[in-house]
Amino acid sequence: MQRGESDNDDILGLLLKARNEGNKSKGGRGISTDDVIEECKEFYLAGQDTTTALLSWTLVVLCMHPEWQDRARNEVFQVIGKNKPKFDDLNQLKIMNMIFQEVLRLYPALILYRSTSKSTKLGDMTIPPGVQLRVPIYLVHRNPEVWGDGALMFNPERFSEGVSKAAKEPLYFPFGWGPRMCIDNNFGMVEAKLVLSQILQRFWFELSPSYKHAPHVTLVMKPQYGAQIILHKL
Ligand code: HEM
């Protein structure tokens, strides 16, 4: 940037530009180098780990439900054929969208963490300051009172008439809720569709005998022992 060789229109450029405006604590308008580093880490975790988890679970689940793998592949060939997917094509992948929505219901990438900075009333409870709260989205997404008896079943069909008709109550929030909601859920879905459609165009896939189904929840829900999948060229 100092040699004038970079344009500032990507996110790293914008962050560095903000840093170059001088540290706020020293009277400048900009952010500190540590802030730049923390922002990069946030994007790496929030933007990469989440989409990676979505794609891994989707491949696993499509191995377990080959009928949905076939339906997704048929749709890809109908809409995109063997061509490179274009942005407009991705919007037409309705079945793939339903599949991703159902995967994000059963395997939502994140747990939400909040802490109280002051005494806070939540329903009937008064929570003192300094308490950490966890909202395990996956438990709400698997609650039979919200999703009916088939709550634990993989059934993308439930999203065929949109998210609002999928559950008895509006309690589907794989991208969070309120002011801290994901800022790039659409970008994440575009990335996931781009990758999955190109895998489906080239391969059919099945679980390796070494795969052990063990969803493991830390901050991001991941397959604890990995997702061993065998790809077969079409
Ligand atoms: C399938 C993919 C994704 C999922 C499931 C997902 C999920 C979430 C969730 C649940 C939150 C809320 C966290 C909270 O309230 O504590 C969040 C926040 C966030 N997401 Fe995503 N996300 C995805 C993709 C992305 C991508 C691709 C980016 C950026 C390139 C991104 C950037 C962010 C950022 C910066 C925040 C923090 C927003 C804030 O605190 O104001 N996410 N995401």
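This one's a predicted model, so the numbers in the text were calculated from it and none came from an experiment. (Residues numbered from 1 in each chain as written. Predicted model: local features only at pLDDT ≥ 70, side-chain atom pairs only at ≥ 80, totals over all residues. Heavy atoms only, no water.)

Colleague: Pulling in residues and values, what's your account of the UniProt feature "binding site: heme" (unreviewed entry) in the protein chain?
Modeller: The residues that UniProt annotates with the feature "binding site: heme" (unreviewed entry) are Cys-182. Looking at the element boundaries, Cys-182 is found in the loop between helix H7 (144-147) and helix H8 (185-202). (UniProt positions renumbered as here; feature names shortened; annotations may be inferred. Helix = DSSP H or I, 4+ residues; strand = E, 2+ residues; numbered from the N terminus.)

Colleague: I'd like a rundown of the packing of aromatic side chains, residues and numbers included.
Modeller: For the structure shown, the criterion picks out five aromatic pairs. When the ring of Trp-147 is compared with that of Phe-159, the centres are 6.2 Å apart and the planes differ by 50°; the resulting orientation is tilted. Here Phe-159 lies in the loop between H7 and H8 and Trp-147 lies in helix H7, a separation of twelve residues in the sequence. Look at Trp-147 and you get buried, because its relative accessible area is 6%. Ring geometry for Phe-159 and Tyr-172: centres 5.1 Å apart, planes at 50°, overall tilted. In this pair, Phe-159 is assigned in the loop between H7 and H8 and Tyr-172 in the loop between H7 and H8, connecting sequence segments 13 residues apart. (Phe/Tyr/Trp six-rings, centres within 6.5 Å; stacked < 30°, edge-to-face > 60°. Buried < 20%, exposed > 50% of the residue type's maximum accessible area, 1.4 Å probe, protein only.)

Colleague: Quick one: what's the story with a negative patch on the surface, residue by residue and with numbers?
Modeller: Together, Asp-34, Asp-35, Glu-39 and Glu-42 make up a negatively charged patch on the protein surface. Residue placement: Glu-42 occurs in helix H2 (residues 33-64). (Patch = residues over 30% accessible without salt bridge, like charges linked within 9 Å, V, L, I, M, F, W, Y side chains within 5 Å. Areas by Shrake-Rupley, 256 points an atom, 1.4 Å probe, with all protein chains shown as cover. Salt bridge = Lys/Arg side-chain N within 4 Å of Asp/Glu carboxyl O. Lys, Arg positive; Asp, Glu negative; His and termini not counted. Charge placed at Lys NZ, Arg CZ, Asp CG, Glu CD.)

Colleague: Run through the nonpolar core, naming residues and quoting values.
Modeller: In terms of nonpolar packing, the biggest core is built from 42 residues, with Ile-99, Trp-147 and Leu-196 touching the most fellow members. Every element with two or more residues in this core is listed here: H2, helix H3 (66-79), helix H5 (94-106), H7 and H8. Here this core gets nine residues from one element, more than from any other, and that element is H2. Once you skip the residues sitting within four places of it in the chain, Trp-147 turns out to touch Arg-105, Val-140, His-141, Arg-142, Arg-158, Phe-159, Ala-166, Ala-167, Leu-171 and Tyr-172. (Core = buried A, V, L, I, M, F, W, Y, C linked by side-chain atoms within 4.5 Å. Contact = heavy atoms within 4.5 Å.)

Colleague: Describe the environment of Ile-99, naming the residues involved and giving the relevant values.
Modeller: Following the sequence through the fold, Ile-99 ends up in helix H5. Judged by relative accessible area, Ile-99 falls into the buried class, the value being 0%. Taking C-alpha positions, Ile-99 is 22 Å from Glu-145, a pair spaced 46 residues apart along the chain. Those residues in contact with Ile-99, other than ones at most four positions away along the chain, are Thr-58, Leu-62, Trp-68, Ala-72, Phe-154 and Pro-156.

Colleague: Before we move on, could you go through the state of the cysteines and cite the residues and values that matter?
Modeller: Enumeration according to the criterion identifies zero disulfides in this entry. No disulfide involves Cys-40; its nearest neighbouring cysteine sulfur is the one of Cys-182, lying 17 Å away. Since its relative accessible area comes to 31%, Cys-40 is described here as partly exposed. (Disulfide = S-S within 2.5 Å.)

Colleague: Kindly report on H5, identifying the contributing residues and their values.
Modeller: The end-to-end C-alpha distance of H5 is 19 Å, a good match for the 18 Å that 13 residues give at a rise of 1.5 Å each. Burial analysis of H5 places eleven of its 13 residues in the buried class, the great majority of the element. When H5 is considered as a whole, its buried residues turn out to be Ile-95, Met-96, Met-98, Ile-99, Phe-100, Gln-101, Glu-102, Val-103, Leu-104, Arg-105 and Leu-106. Of the surrounding secondary structure, the elements contacted by the buried residues of H5 are H2, H3, helix H6 (137-141), H7, H8 and strand E7 (221-223). (Expected span 1.5 Å × (residues − 1).)

Colleague: Quick rundown of the site of the ligand? Include the residues and the values.
Modeller: In the vicinity of the ligand there are 22 residues, among which Glu-42, Ala-46, Arg-114, Arg-180 and Cys-182 approach most closely. Take Ala-46: an N or O atom from its main chain is 3.1 Å from a nitrogen atom of the ligand. Contact between the ligand and Arg-114: an oxygen atom at 2.7 Å from a side-chain N or O atom of the residue. Of all the elements in the fold, those that place two or more residues in the shell around the ligand are H2, strand E1 (112-115) and H8. Per element, the largest residue contribution to the shell around the ligand is seven residues, and it comes from H2. (Near = heavy atom within 4 Å. Polar contact = N/O pair within 3.5 Å; in protein donor to acceptor, adjacent residues only side chain to side chain.)

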